[in-house]
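Next come the chains, spelled out residue by residue.
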Amino acid sequence: MTGTGTTTVEAAVAGTAPRDAVARVERLHRGRRIRFATVCLGLALVALAALLLSLAVGDIDVPLPDVWAVLTGGGDPGSRFVVHELRLPRALLALVVGCCFGLSGAVFQALLRNPLASPDVIGVTSGAGAAAVLSSMAFGLSGLALSGGALVGALAAGTLIYLLAWRGGVGGGRFVLIGIGVGTGLVSLRSYLMTRAEVTEAQNAFLWLTGSLNGRSWTQLWPLLGCVAVLLPLTLAASRGLGALQLGDEAAAGLGARVERSRLALLACATALVGVGTAAAGPIGFVAFVCPPVARRLLPGHGAALVPSALTGAALVCLADFVAQHLLPHTQLPVGVVTSIVGAPYLLWLLARANRVGRGG
């Protein structure tokens, strides 16, 4: 009897252990989902607050109740003109452009497994800038045609970097180094074109290359929204294989992932996002570089954190544009100046940290 009772107890304990392990795993997953939703909600609220602040504060302050009235179809004619015609397209453009850059940077850094793998570091943004300057100064393009030229330049630069980095596959380190080289060449080309231009043309080109939302209207916003409506779901759909790719090519192939097809799809989507964002607002520096690590710090263990990175980018660009408008009296700075003030110290810190731990050059 004693032996039978002991056996029964051991069997009960053995049956309880797997159930406890499953319950712990379920609690862990539930906690991760709750944290993910909480962080995304918090970032969305920050972006919304930045949007409302941009709509309410300016040379003519509009109280928040009047802003809400305009957004819901009411309000007096003066408030409608200030909010709807002057401030709303610019603020929405800042949110959407920030979302594009943040999401693109997250894809590049996760896919290439390198914190320096940002489109404004590896030459994709330089391609857009060089193409825009060439389109303006050599062919006299402006408006939507100039934006189209910037988009083509970004895609061409991304394609060139991919082809040059291909050696039976694309390694993250090789892609970054070749991208930096291509970007340097494109910057040289852009500088040469600007030295050949008239002073006024060069000044306008320099302002655009800094990254600016000054004077933006619904004309620039609608094409951007149309492109993002297509690219955003495509990027999220392509990112389903990103988790496997982060393990390395051999491990990903062992898990059944189509490595090169998935990588190419993600790089194409991320490059297109950079292209449309740059076409709308110019190459706003360091947004794609800074936002993904911020999002990953808010969500440790969540991999690429694509959606939080996009929300971080939206909040950052909108807040930076607000600061750029009001930092100096009677002067509106390009938003790229403010984002560079934020991003440049982070780049220096990252390089110094890499050298300290023996990963630097």
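Residues numbered from 1 in each chain as written. Predicted model: local features only at pLDDT ≥ 70, side-chain atom pairs only at ≥ 80, totals over all residues. Heavy atoms only, no water.

## With respect to the overall build of the chain
Within the chain, the secondary structure is distributed over 14 helices and zero strands. Each helix (α) and strand (β) of the chain, taken in turn from the N terminus, gives the series α-α-α-α-α-α-α-α-α-α-α-α-α-α. By the burial criterion, 45% of the 361 residues in the chain qualify as buried. About 17,800 Å² of surface is accessible on the chain, with carbon and sulfur atoms providing 67% of the total. (Helix = DSSP H or I, 4+ residues; strand = E, 2+ residues; numbered from the N terminus. Buried < 20%, exposed > 50% of the residue type's maximum accessible area, 1.4 Å probe, protein only. Areas by Shrake-Rupley, 256 points an atom, 1.4 Å probe, with all protein chains shown as cover.)

## Focus: the packing of aromatic side chains
According to the stated counting rule, one finds three aromatic pairs in the structure shown. Between Tyr162 and Trp166, the aromatic rings sit 6.2 Å apart at their centres with planes inclined by 35°, giving tilted as the arrangement. Overall, Tyr162 belongs to the buried group, its relative accessible area being 12%. (Phe/Tyr/Trp six-rings, centres within 6.5 Å; stacked < 30°, edge-to-face > 60°.)

## As for helix α11 (residues 259–281)
With 23 residues, α11 should reach 33 Å at 1.5 Å per residue; the first-to-last C-alpha distance of 33 Å fits that figure. Counting buried positions over the 23 residues of α11 gives 18, a clear majority of the element. At the exit of α11 stands Gly282, carrying a positive phi of roughly 85°. (Expected span 1.5 Å × (residues − 1).)

## Looking at the nonpolar core
Val97, Phe108, Phe175, Leu224 and Ile284 are the most contacted members of the largest nonpolar core, which has 88 residues in total. It is helix α3 (residues 77–112) that provides the largest number of residues to this core, a total of 19 residues. When residues no more than four places from it in sequence are discounted, the contact partners of Ile284 are Val97, Phe101, Asp120, Thr210, Gly211, Val317, Val335, Gly336 and Thr339. (Core = buried A, V, L, I, M, F, W, Y, C linked by side-chain atoms within 4.5 Å. Contact = heavy atoms within 4.5 Å.)

## Description of helix α7 (residues 199–210)
When the terminal C-alpha atoms of α7 are compared, their 17 Å separation across twelve residues agrees well with the 16 Å that a helix rising 1.5 Å per residue should span. Within α7, the full set of buried residues consists of Ala202, Ala205, Trp208 and Leu209. Each buried residue of α7 sits inside an arc of 125° when the element is viewed along its axis, so together they form one side. For α7, the exposed residues lying more than 90 degrees away from the buried face are Val199, Thr200 and Gln203. In this structure, the buried side of α7 is in contact with α4 (124–139), α5 (143–165), α6 (172–195) and α11. Just downstream of α7 lies Gly211, where phi reads positive at about 95°. (Arc of directions from axis to C-beta.)

## Things to note about unusual backbone geometry
Phi angles above zero are rare outside glycine, and Arg113 is one such case at about 55°. Mapped onto the elements of the fold, Arg113 is located in the loop between α3 and α4. With phi around 75°, Phe286 is a residue other than glycine that occupies positive phi space. Within the fold, Phe286 resides in the loop between α11 and α12 (287–298).

## Remarks on the confidence of the model for the chain
Interpretation of this model should avoid reading the predicted coordinates in detail wherever pLDDT is low. The predicted model of the chain has a mean per-residue pLDDT of 84, with 88% of residues at 70 or higher. Within the chain, the lowest mean pLDDT, 67, falls on helix α10 (residues 249–254), and the highest, 93, falls on helix α13 (residues 306–326). (pLDDT = per-residue confidence, 0-100.)

## Remarks on the packing of helix α8 (residues 218–238) against α11
Axis separation between α8 and α11 bottoms out at 10 Å; the angle between their running directions is 165°. Classified by the interaxial angle, the pair formed by α8 and α11 is roughly antiparallel. Viewed along their axes, α8 and α11 form a crossing whose handedness is left-handed. Here α8 contributes Gln220, Leu224, Cys227, Leu231, Leu234, Thr235 and Ala238 to the contact with α11, which in turn contributes Ala265, Leu266, Cys269, Ala272, Leu273, Val276, Gly277 and Ala280. Grouping the amino acids of the contact of α8 with α11 by side-chain chemistry returns twelve nonpolar, three polar and no charged. (Axes fitted to C-alpha atoms, helices over the stretch in contact; angles between N-to-C directions. Parallel < 35°, antiparallel > 145°, perpendicular 65-115°, else oblique. Left-handed = near helix turned anticlockwise from the far one by under 90°. Nonpolar A, V, L, I, M, F, W, Y, C, P; charged D, E, K, R; others polar.)

## Topic: a nonpolar patch on the surface
Residues Phe36, Leu236 and Val307 make up a contiguous nonpolar surface patch of about 210 Å² in total accessible area. A relative accessible area of 35% places Leu236 in the partly exposed class. (Patch = residues over 30% accessible without salt bridge, like charges linked within 9 Å, V, L, I, M, F, W, Y side chains within 5 Å. Salt bridge = Lys/Arg side-chain N within 4 Å of Asp/Glu carboxyl O.)

## A short note on the environment of Val323
For Val323, the location among the structural elements is in helix α13. The exposure class assigned to Val323 is partly exposed, which follows from its relative accessible area of 35%.

## Focus on the environment of Ala106
As for its placement among the helices and strands, Ala106 is situated in helix α3. For the pair Ala106 and Ala295, spaced 189 residues apart in sequence, the C-alpha separation works out to 9.0 Å. Each residue touching Ala106, except ones within four places of it in the same chain, is listed here: Pro292, Ala304, Leu306 and Ser309.

## Regarding the packing of α4 against α7
Across the interface, α4 lies against α7 with an axial gap of 11 Å and an inter-helix angle of 155°. Here α4 lies roughly antiparallel to α7, going by the angle between them. Between α4 and α7 lies a crossing of right-handed hand. Taking contact as the criterion, the partners of Ala128, Gly129, Ala132, Val133 and Met137 in α4 are, on α7, Glu201, Ala202, Ala205, Trp208 and Leu209. In terms of residue class, the contact of α4 with α7 is built from eight nonpolar, one polar and one charged.

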